[in-house]
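# Understanding the architecture of this molecule
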Amino acid sequence: MSAAQQITLGSRGEYMADFYEEWEGPVTEEVRQEIKAREKQLAMLVEQGNPIAEYYEKGLQVVYERMDHIERNKEKELWLVNPSGYEYILGSKGEERSMQASVLVLLCLAALIAGIVTFEKKSGTEYVLRTTRYGRNRLRKRKYAMVLVLTVSFWAILNGMEMYHVQQTYPLGGFPAPVESLPFMKHLPFAVSIGQYCLLVYGIRLLWLLLLSFLYVEAANWCRSQEIGILLCSITLLPSILDLMGMELVSPFSITKLIHVSRFFRQGYGGIAKQAAAFVLILFVLVASAAVRNKRKSKTPYHRKR
């Protein structure tokens, strides 16, 4: 018995693995005939009193539901695709685990970024660097480059481990299929393949992580010690932590839910608008904070325009 069958033991999914393995792909007339032939096989099992008949029947019922959706959307040329693995990387089944991992990643980024940004202030060399010809500007660019590398590395590890874990358990052979072939993606307002949608989701996750990382850079720029910088950055994760603990009241303020963009795309244009509004709002806060901080710096006696 495969890993996927062990996980769904005793449910209608127990026999779905075999059905999808045999029929996954574009729905042809041959596939339709084979599905009808399974009806005769089911009738034989029922007649024999075979105990697996109940699970077999429920498995075929799922296939019929998927076929009905496909037939009603013939112009979209949908595939029969096993949705089990995609429910973990694009659906709701893996959201809680992914959000827990995201909280851990953001905490690590907050600690590292606070240390990178506040080092000169803590060591007392900030004003010395400002008096050198290239020290301040070059150091700032190198710090931003370091934050960029750290963020991309954590993004690659987070999403790479997620994809590896799912592939070890479920087959993911439907990447060329239209994304609406997945039952939970039927409200997506644009047409792409499953593979293209995965790239879009992971790409937007990276954008969110980068935006939050530079928000942490900005927050740390207001602090004179690493500890205060970490505390200030970590406050942004408090709603996410409370939400994971079951406090639904703070759920709308959870940053980790914003990172997992597929839950918004599944809501259609309304969900996409929420994502865009949140992104613009955080970007505005970041730019406004940087503008205020630079204006204050310009008034200090140590400031020198370059």
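No experiment lies behind these values; they were computed from the predicted model shown.

### Let's talk about the overall build of the chain
Looking only at helices and strands, the chain has 14 helices and two strands in total. Within the chain, contacts between residues separated by at least 24 positions form 72% of all contacts whose residues are at least 6 apart in sequence. Summed over its atoms, the accessible surface of the chain is roughly 16900 Å², and 63% of this surface lies on carbon and sulfur atoms.

### Comments concerning the packing of helix α3 (residues 29-48) against helix α4 (residues 53-72)
A pair of packed helices is characterised by two quantities: the angle between their axes and the separation of those axes. Here α3 crosses α4 at 155°, and the two axes come no closer than 10 Å. In this view, α3 runs roughly antiparallel relative to α4, as classed from their interaxial angle. For the element pair α3 and α4, the recorded crossing hand is left-handed. Only Ala53, Tyr56, Glu57, Leu60, Val63, Tyr64, Met67 and Glu71 of α4 make contact with α3, whose side of the interface consists of Arg32, Ile35, Arg38, Glu39, Gln41, Leu42, Leu45 and Val46.

### Some points on empty space enclosed by the protein
As enumerated under the stated definition, the model contains one cavity of 30 Å³ or more in all. Put simply, the largest cavity is a space of about 70 Å³. As for the largest cavity, its lining consists of 13 residues, and the residues nearest its centre are Ile89, Gly91, Glu95, Arg205 and His260. Of all the secondary structure elements, the ones that give two or more residues to the lining of the largest cavity are α5 (84-89), α6 (95-123) and α13 (262-265). Considering only residue class, the lining of the largest cavity consists of three nonpolar, five polar and five charged.

### Topic: the pattern of salt bridges
One pass over the structure, following the stated rule, counts twelve salt bridges. Of the charged contacts, one joins Arg38 and Glu22 as a salt bridge, the two residues approaching to 2.3 Å between their closest N and O atoms. Here Arg38 is found in helix α3, whereas its partner Glu22 is found in helix α2 (residues 16-23), with 16 residues between them in sequence. For Arg38, a relative accessible area of 16% puts it in the buried group. With a relative accessible area of 41%, Glu22 lands in the partly exposed category. The salt bridge partner of Arg293 is Glu218, with a shortest N-O separation of 2.8 Å. Of this pair, Arg293 sits in helix α14 (residues 269-297) while Glu218 sits in helix α9 (residues 194-221), placing them 75 residues apart in sequence.

### Concerning the nonpolar core
Among the nonpolar cores identified, the biggest contains 50 residues, and Tyr86, Leu90, Leu106, Leu182 and Trp208 are the most heavily contacted of them. Elements with a minimum of two residues in this core: α5, α6, α8 (135-169), α9, α12 (255-259), α13 and α14. When residues in this core are grouped by element, the largest group, 15 residues, is from α9. If near-sequence neighbours (up to four positions away) are discounted, Leu106 is found in contact with Leu209, Leu212, Tyr216, Leu237, Ile255, Thr256 and Ile259. Judged by nonpolar contacts, the second largest core, of 17 residues, contains Phe19, Tyr20, Leu45 and Leu60.

### Remarks on α9
For α9, which comprises 28 residues, the first-to-last C-alpha distance of 41 Å matches the rise-based estimate of 40 Å (1.5 Å per residue) to within 8%. Along α9, 22 of the 28 residues are buried, which leaves the element largely enclosed by surrounding structure.

### Quick look at the packing of aromatic side chains
Scanning the entire structure with this criterion turns up six aromatic pairs. Where Tyr86 meets Phe175, the ring centres are 5.7 Å apart and the plane angle is 85°; that geometry is what we call edge-to-face. Separated by 89 residues along the polypeptide, Tyr86 in helix α5 and Phe175 in the loop between α8 and α9 bring together distant segments of the chain. Overall, Tyr86 belongs to the buried group, its relative accessible area being 0%. Note on Phe175: relative accessible area 26%, which makes it partly exposed. Aromatic pair Tyr197 and Phe265: ring centres 6.1 Å apart, planes at 55°, arrangement tilted. One end of the pair, Tyr197, is in helix α9; the other, Phe265, is in helix α13, with 68 residues separating them in the sequence. For the pair Tyr197 and Phe265, one class covers both residues: buried.

### Brief notes about the confidence of the model for the chain
When pLDDT is averaged across the chain, the result is 82; 86% of the residues are at 70 or more. Per-element confidence in the chain is highest for α9, whose mean pLDDT is 93, and lowest for helix α1 (residues 3-7), whose mean pLDDT is 33. The low-confidence segment residues 1-12, where pLDDT is below 50, has 20 contacts with residues more than four positions distant or belonging to other chains. This stretch, residues 302-306, has a pLDDT under 50; its non-local contacts, to residues over four places away or in other chains, come to twelve contacts.

Analysis parameters
Residues numbered from 1 in each chain as written. Predicted model: local features only at pLDDT ≥ 70, side-chain atom pairs only at ≥ 80, totals over all residues. Heavy atoms only, no water. Helix = DSSP H or I, 4+ residues; strand = E, 2+ residues; numbered from the N terminus. Contact = heavy atoms within 4.5 Å. Areas by Shrake-Rupley, 256 points an atom, 1.4 Å probe, with all protein chains shown as cover. Axes fitted to C-alpha atoms, helices over the stretch in contact; angles between N-to-C directions. Parallel < 35°, antiparallel > 145°, perpendicular 65-115°, else oblique. Left-handed = near helix turned anticlockwise from the far one by under 90°. 1 Å grid on protein atoms, 1.4 Å probe; cavity = no way out; pocket = protein on both sides within 12 Å on 5 of 7 lines; lining within 4 Å. Points joined across faces, edges and corners; volume = space filled by probe spheres on them. Nonpolar A, V, L, I, M, F, W, Y, C, P; charged D, E, K, R; others polar. Salt bridge = Lys/Arg side-chain N within 4 Å of Asp/Glu carboxyl O. Buried < 20%, exposed > 50% of the residue type's maximum accessible area, 1.4 Å probe, protein only. Core = buried A, V, L, I, M, F, W, Y, C linked by side-chain atoms within 4.5 Å. Expected span 1.5 Å × (residues − 1). Phe/Tyr/Trp six-rings, centres within 6.5 Å; stacked < 30°, edge-to-face > 60°. pLDDT = per-residue confidence, 0-100.

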